[in-house]
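If you want the building blocks of each chain, they are given just below.
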Amino acid sequence: MQPVFNFQGSAALSVLAFLGTGFLFAGAAGTALYLWLRGRRGPARLAGAGGMAVAGIYALALLGFSAAAREAEVPPGREKYFCEVDCHLAYAVL
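Residues numbered from 1 in each chain as written. Predicted model: local features only at pLDDT ≥ 70, side-chain atom pairs only at ≥ 80, totals over all residues. Heavy atoms only, no water.

Draft legend 1. Local environment of the overall build of the protein chain. Scanning the protein chain from N- to C-terminus turns up two helices and two strands. Secondary structure elements of the protein chain, listed N to C terminal, follow the sequence α-α-β-β. Per-residue burial over the protein chain gives 9% buried out of 94 residues. The long-range share in the protein chain, meaning contacts at least 24 apart out of those at least 6 apart in sequence, stands at 45%. In the structure as shown, the protein chain presents an accessible area of about 7,600 Å², 67% of it carried by carbon and sulfur atoms. (Helix = DSSP H or I, 4+ residues; strand = E, 2+ residues; numbered from the N terminus. Buried < 20%, exposed > 50% of the residue type's maximum accessible area, 1.4 Å probe, protein only. Contact = heavy atoms within 4.5 Å. Areas by Shrake-Rupley, 256 points an atom, 1.4 Å probe, with all protein chains shown as cover.)

Draft legend 2. Representation of the confidence of the model for the protein chain within the structure. For the protein chain, per-residue confidence averages 82 on the pLDDT scale, and 82% of positions sit at 70 or higher. Confidence over residues 1-5 falls short of pLDDT 50; this stretch has seven contacts with residues more than four positions distant or in other chains. (pLDDT = per-residue confidence, 0-100.)

Draft legend 3. Spotlight on the packing of aromatic side chains. A complete count under the given rule lists one aromatic pair for this structure. Aromatic pair Phe18 and Tyr58: ring centres 6.1 Å apart, planes at 55°, arrangement tilted. Of the two residues, Phe18 sits in helix 1 (residues 11-37) while Tyr58 sits in helix 2 (residues 41-68), which places them 40 residues apart along the sequence. The class of Phe18 is partly exposed, set by a relative accessible area of 48%. For Tyr58, a relative accessible area of 33% corresponds to the partly exposed category. The side chain of Arg41 reaches across the aromatic face of Trp36, ending 4.2 Å from its centre. (Phe/Tyr/Trp six-rings, centres within 6.5 Å; stacked < 30°, edge-to-face > 60°. Lys NZ or Arg CZ within 6 Å of the ring centre and 35° of its normal.)

Draft legend 4. Here's a closer look at helix 2. Taking 1.5 Å of rise per residue, the 28 residues of helix 2 would be expected to cover 40 Å, and the 40 Å separating its terminal C-alpha atoms lies within 8% of that figure. Among the residues making up helix 2, those that are buried are Ala44, Ala47 and Gly51. (Expected span 1.5 Å × (residues − 1).)

The structure is reproduced here in structure tokens:
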């Protein structure tokens, strides 16, 4: 049984998206904290809401891709590939 989404070859893109989301969230949180400490409560709330929106969109994408994925049963003697950032790993059931 083949998976619904085949992301082999796009591991680097996945890592970049993950890191980009982290930087966006950290930037929004840092901006919100800076503005809050400077007494600018309105813009601080807006930056905080932007950070929460980034986290929410990431969570929805994670749950959506997880829900759309199918389980794959690996028969004995066949290999299961895991696509990593810098290499591909294959495991076999013996």
